[in-house]
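Analysis of the macromolecular model
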Amino acid sequence: GGSGSGVIYKIDGDKAYIVTNHHVIQGADALEIVLSDDTRVEATLLGSDLYTDLAVIEMDSQYVDFAIEIGNSDNVHVGEPVIAIGNPLGMYLSGSVTQGIVSGKQRAIPQDFNGDGIADWQAEVIQTDAAINPGNSGGALINMEGKLIGINSMKIAESAVEGIGFSIPVDDAVPIIEELEATGYVTRPFLGIEAYSLDDIPSSEWRSTLNLPRDVDGGIYIRSIEGLSPADTGGLEPYDVITHLDGQPIYNIIDLRKHLSSEQEVEDTLQITYYRDGEKLETTVELTSLEY
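Now for a description of the structure that goes with this document. Predicted model, so just to flag it, every value in this text is computed and none were measured.

1. Side note on unusual backbone geometry
Although it is not a glycine, D38 sits at a positive phi angle of roughly 75°. Structurally, D38 is set in the loop between strand 3 (31–34) and strand 4 (40–49). Even without being glycine, Y239 reaches a positive phi, approximately 75°.

2. Considering the sheet that holds strand 9 (residues 140–142)
Pairing is antiparallel around the closed barrel formed by 6 strands, whose spatial order is 6-7-8-11-10-9. Each adjacent strand pair in this sheet contributes to an overall mean axis angle of 50°, direction not counted. Pairing analysis gives 6 bridges linking strand 6 (residues 81–86) to strand 7 (residues 96–111), with the strands arranged antiparallel. Among the inter-strand pairings, P81 is bridged to a residue of strand 7, identified as I101. Taken strand by strand, helix 3 (residues 170–183) contacts strand 8 (121–128), strand 10 (148–152) and strand 11 (165–169), and its axis lies near 55° from that of strand 11.

3. Observations regarding helix 6 (residues 253–263)
Among all positions in helix 6, only I253, I254, L256, R257, H259 and L260 are buried. The N-cap of helix 6, judged by a side-chain oxygen 2.8 Å from the amide nitrogen of D255 a few residues on, is N252.

4. Details of the packing of aromatic side chains
Aromatic ring pairs are described here by two measures, namely the spacing of the ring centres and the angle between the planes. Tallied over the full model, the rule gives 2 aromatic pairs. Ring centres of Y9 and Y17 lie 6.4 Å apart, and the angle between their planes is 45°; this geometry places the pair in the tilted category. Per residue, the accessibility class of Y9 equals that of Y17, and both read buried. Above the plane of the ring of Y17 lies K10, whose end atom (NZ or CZ) is 4.8 Å from the centre.

What counts and what doesn't
The residue numbering used here restarts from 1 in each chain and proceeds along that chain's sequence as written. Under the rules for a predicted model, residues below a pLDDT of 70 receive no local features and side-chain atom pairs below 80 are neither given nor counted, while totals for whole chains, interfaces and linings still include all residues. Heavy atoms throughout the structure, all of them, feed into the side-chain values; hydrogens and water do not. Secondary structure elements follow DSSP: runs of H or I no shorter than four residues count as helices, runs of E no shorter than two count as strands, and numbering proceeds from the N terminus. Strands were regarded as paired on the criterion that DSSP finds at least two bridges between them. With axes taken as lines fitted to C-alpha atoms, and helix axes fitted only over the stretch in contact, angles between N-to-C directions fall between 0 and 180 degrees. The contact criterion used is simple: two residues touch if any of their non-hydrogen atoms lie within 4.5 Å. The buried label goes to any residue with under 20% of its type's maximum accessible area, the exposed label to any with over 50%, and the partly exposed label to all in between, with areas taken from a 1.4 Å probe on protein chains only. In the analysis that follows, any N or O atom pair within 3.5 Å is treated as a polar contact, provided that within protein one partner can donate a hydrogen and the other can accept it, and provided that, for residues neighboring in sequence, both atoms belong to side chains. Any pair of Phe, Tyr and Trp rings, taking the six-membered ring for Trp, is counted once the centres come within 6.5 Å. Such a pair is stacked with planes under 30 degrees apart, edge-to-face with planes over 60 apart, and tilted for the rest. Working rule: Lys NZ or Arg CZ, within 6 Å of ring centre, within 35 degrees of ring normal, means a charge sits over the ring.

What follows is the structure in structure tokens.
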């Protein structure tokens with residue numbers, strides 16, 4: 001058995017819906033919800049997503065009086081005070097509250113799911129210095145109005161580091177939650193690259209190693225490509241630098257993910273503008289699906 005935290009975000013008729021982390025419920029044979037008055041209620045998993053580390057659970061609403069109000073994570077400011085609520089280190093510390101500030105927005109944190117040393121995904125998170133410990137995973141990050149702005153995750157941090165905690169922005173979580181409610185899984189367009197922002201390397205390397213022209217002011221460089229993926233069949237190679245997708249500028253992996261998730265669907269074609277050894281090139285690929 002294991003424990004984590006969760007947030008009741010919706011009541012609909014005789015059902016109440018809880019969001020938590022995928023890694024909290026991963027491999028569970030049965031789920032039990034412990035409410036603030038120590039009432040224990042059986043629950044059912046509706047779906048979970050490895051990549052965003054989110055899961056949706058359903059329970060009987062007769063035990064629930066109200067759901068949390070959803071806030072807006074895009075409007076969060078660095079330095080803004082926030083509160084983390086959860087069950088650090090287990091149920092005997094349940095309902096613990098810690099306070100901090102927003103330390104950073106749109107942090108891209110590499111995630112290695114299969115342990116091969118290669119990043120499979122980059123999580124977009126809010127960074128906070130509010131104490132988030134094992135057991136806090138799946139709990140609420142709220143603003144001073146009591147509105148939900150993030151879902152805390154220890155898994156993204158990988159190890160306990162003092163003063164640094166991560167939370168999944170609620171604006172990114174809501175579409176995933178809705179899809180998990182409806183289908184039990186998330187289908188997302190798949191390009192098949194591991195890429196990083198040019199800002200992650202010294203600008204001198206832009207010219208000497210990547211041979212980029214001086215008029216290129218940003219983009220993402222490809223570190224590796226998955227075999228037989230759309231990127232592979234489209235002719236992309238490691239150290240190619242992508243600057244535009246469908247004519248829109250791309251500066252980091254978050255821009256790439258937002259473009260794929262908000263403007264593309266599976267089997268759509270994607271026009272990629274990139275540089276290789278100083279030469280500007282274009283290719284068009286057909287996106288495949290990635291389901292988890």
